Amino acid sequence: MNDNVEITVDPGPSEAHFSALWLASWGEEWTGDLARILERSLAHLGAYDEGALVGYINIAWDGGAHAFLLDPMVHPDYRHRGIGSTLVRHATDLARQRGARWLHVDYEPHLDGFYKACGFRPTTAGLIAL
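Just so you know, these numbers come straight off a predicted model, no measurement behind them.

Rules used throughout
- Residues numbered from 1 in each chain as written.
- Predicted model: local features only at pLDDT ≥ 70, side-chain atom pairs only at ≥ 80, totals over all residues.
- Heavy atoms only, no water.
- Salt bridge = Lys/Arg side-chain N within 4 Å of Asp/Glu carboxyl O.
- Helix = DSSP H or I, 4+ residues; strand = E, 2+ residues; numbered from the N terminus.
- Phe/Tyr/Trp six-rings, centres within 6.5 Å; stacked < 30°, edge-to-face > 60°.
- Lys NZ or Arg CZ within 6 Å of the ring centre and 35° of its normal.
- Contact = heavy atoms within 4.5 Å.
- Pairing = 2+ DSSP bridges.
- Axes fitted to C-alpha atoms, helices over the stretch in contact; angles between N-to-C directions.
- Core = buried A, V, L, I, M, F, W, Y, C linked by side-chain atoms within 4.5 Å.
- Buried < 20%, exposed > 50% of the residue type's maximum accessible area, 1.4 Å probe, protein only.

Topic: the pattern of salt bridges
Consideration 1: Per the stated rule, a full pass over the model turns up three salt bridges.
Consideration 2: With a closest N to O distance of 3.0 Å, K116 and D112 form a salt bridge. On the criterion of helical spacing, the pair formed by K116 and D112 is a turn pair, its members being four residues apart in helix 4 (residues 112–117).

Re the packing of aromatic side chains
Any two aromatic rings considered together are summarised by their centre-to-centre distance and by the angle between their planes.
Consideration 1: Enumeration over the complete set of coordinates arrives at eight aromatic pairs.
Consideration 2: Cluster of aromatic residues (ring-pair linked, three or more members): F18, W22, W26, W30 and Y56.
Consideration 3: Above the ring of Y78, the side-chain terminus of R81 is found at 4.8 Å from the ring centroid.

What to know about the environment of V5
Consideration 1: Residue placement: V5 occurs in strand 1 (residues 5–9).
Consideration 2: The sequence separation of V5 and A52 amounts to 47 residues, and the corresponding C-alpha distance is 9.3 Å.
Consideration 3: For V5, the residues in contact, after removing those within four places along its chain, are A47, Y48, D49, V54, Y78 and I83.

A word on the sheet that holds strand 2 (residues 41–49)
Consideration 1: One open sheet holds the five strands; their spatial order is 1-2-3-4-5, and the pairing between them is mixed. Of all strands in the sheet, those with a lone pairing partner are strand 1 and strand 5 (102–105), marking the two edges. Strand-to-strand twist of the sheet, defined as the mean angle between neighbouring strand axes without regard to direction, takes the value 25°.
Consideration 2: By the bridge criterion, six bridges tie strand 3 (residues 52–61) to strand 4 (residues 66–74) in an arrangement that is antiparallel. Across the sheet, I59 pairs through a bridge with L69, a residue of strand 4.
Consideration 3: Here helix 1 (residues 15–26) sits on the sheet and contacts strand 3 and strand 4; the angle it forms with strand 4, its principal contact strand, is near 80°.
Consideration 4: Relative to strand 2, helix 3 (residues 83–97) is tilted by about 150°, and along the sheet it contacts strand 1, strand 2, strand 3, strand 4 and strand 5.

Some words on the nonpolar core
Consideration 1: Formed by 22 residues in total, the largest nonpolar core has its most connected members in I57, I59, L69, I83 and L87.
Consideration 2: The residues touching L87, leaving out its near neighbours within four places in the chain, are I7, L45, G46, A47, G55, Y56, I57, M73 and V74.
Consideration 3: Grouped together as the second largest cluster of nonpolar side chains are 10 residues, W30, L38, Y56 and M73 included.

This is how it looks when you write it as structure tokens:
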């Protein structure tokens, strides 16, 4: 990972910084309410390079044993430097420390190798688009 990038726990990024990273990562405008989302999180992590938010991951949870990785993203200019796997590793450790017993993640097929390398094993799940 880039030596200048620092991982911060529960940084509470500004909506503007989060929106910029979202647009760069997903190619669409952010339309959510970050403060409302973070109220329900077990934790979240930010990757910062000299104050710029370049990576992010949210750990949502059910209030019990299950935690979920949501909105993992790394700015395209910072990909393939180990930032994503570092965020996942820190999120896994943090979820365990904060009492979760299971960590779930949904991902697209092209990310299968990445998540397997991070220690996730495949499982059957269902999804309904609302």
